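# Overview (structure and organization)
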Amino acid sequence: MEPSWTHVAAGLAAVLAAPVALIVMRRPKSPLARVEARPGEAFSLRATVSGEARLWLRYDLAYGPVEDAWRVDGEVRVSVDGAPAWRDAVRLQFNEEATSRPRRFAEGGSFYGLSAWSGPTDTGSAAATVFLGAITAPAAGAEVVVAGSLTPAEGTRATALTLFISR
């Protein structure tokens, strides 16, 4: 018996279902709280969280005159009800993923991103949302505080640095 187009389509759908489901599950949900971080200055984000949550960073950068030479460094500290939960360095740069030890959380890197380069003007831009880490709070709820700072490297200008907590 020869496979029909229906069988081929069903097989292809089955193969693609798992990767598509993973992308949808990893996607940032509506923010519980967010803060706009100013480059090089301390930030603080407070939220009441129950159970599991995720910390994300949305960045939008302009850079030049060296193609693909942008970078943001910093540190993030998370506490739950006043007790330190985790602390990590953040290093974002061209062709690199967000650090914050993604292997510790079995997840990392960009959810989505875009970048552009204009050779005649020697300028570029990069934007993405990256997963920084998991936050676990008691089921009854707890105050979560995320603090730190993010500093763009020379030649990189941050037009937006937004940290947010979502489910």
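Keep in mind it's a predicted model, so treat the numbers as computed, not measured.

### What about the sheet that holds strand β8 (residues 142-152)?
If you trace the four strands from one edge of the open sheet to the other, you get β2-β8-β4-β5, paired in antiparallel fashion. Two strands in the sheet have a free side with no partner beyond their single neighbour: β2 (42-49) and β5 (83-93). If you compare each strand with its neighbour and ignore which way they point, the axes differ by 20 degrees on average. Taken together, the eight bridges between β2 and β8 define a ladder with antiparallel strand orientation. Opposite V49, over in β8, you have A142 as the bridge partner.

### Quick look at unusual backbone geometry
Residue D81 is not a glycine yet carries a positive backbone phi of 50 degrees. One can find D81 in the loop between β4 (71-80) and β5.

### Some words on the side chain of T156
Relative to the helices and strands, T156 is located in strand β9 (residues 156-166). T156 gets classed as buried once you look at its relative accessible area, which sits at 10%. Those residues in contact with T156, other than ones at most four positions away along the chain, are L61, A62, Y63, A69, W70 and R71.

### Regarding the pattern of salt bridges
Within the structure shown, the criterion is met by five salt bridges. The closest approach of N and O atoms between D73 and R71, which form a salt bridge, is 2.7 Å. A network of salt bridges, in which partner residues are shared, links R71, D73 and R91.

### Brief notes about the packing of aromatic side chains
Per the stated rule, a full pass over the model turns up two aromatic pairs. Aromatic side chains W56 and F131 sit 5.5 Å apart centroid to centroid with 70 degrees between the ring planes, which places their arrangement in the edge-to-face category. Residue W56 is found in strand β3 (residues 52-63), and its partner F131 is found in strand β7 (residues 123-136); the two are separated by 75 residues along the sequence. Here the two residues W56 and F131 agree in accessibility, since each one is buried.

Cut-offs applied
- Residues numbered from 1 in each chain as written.
- Predicted model: local features only at pLDDT ≥ 70, side-chain atom pairs only at ≥ 80, totals over all residues.
- Heavy atoms only, no water.
- Pairing = 2+ DSSP bridges.
- Helix = DSSP H or I, 4+ residues; strand = E, 2+ residues; numbered from the N terminus.
- Axes fitted to C-alpha atoms, helices over the stretch in contact; angles between N-to-C directions.
- Buried < 20%, exposed > 50% of the residue type's maximum accessible area, 1.4 Å probe, protein only.
- Contact = heavy atoms within 4.5 Å.
- Salt bridge = Lys/Arg side-chain N within 4 Å of Asp/Glu carboxyl O.
- Phe/Tyr/Trp six-rings, centres within 6.5 Å; stacked < 30°, edge-to-face > 60°.

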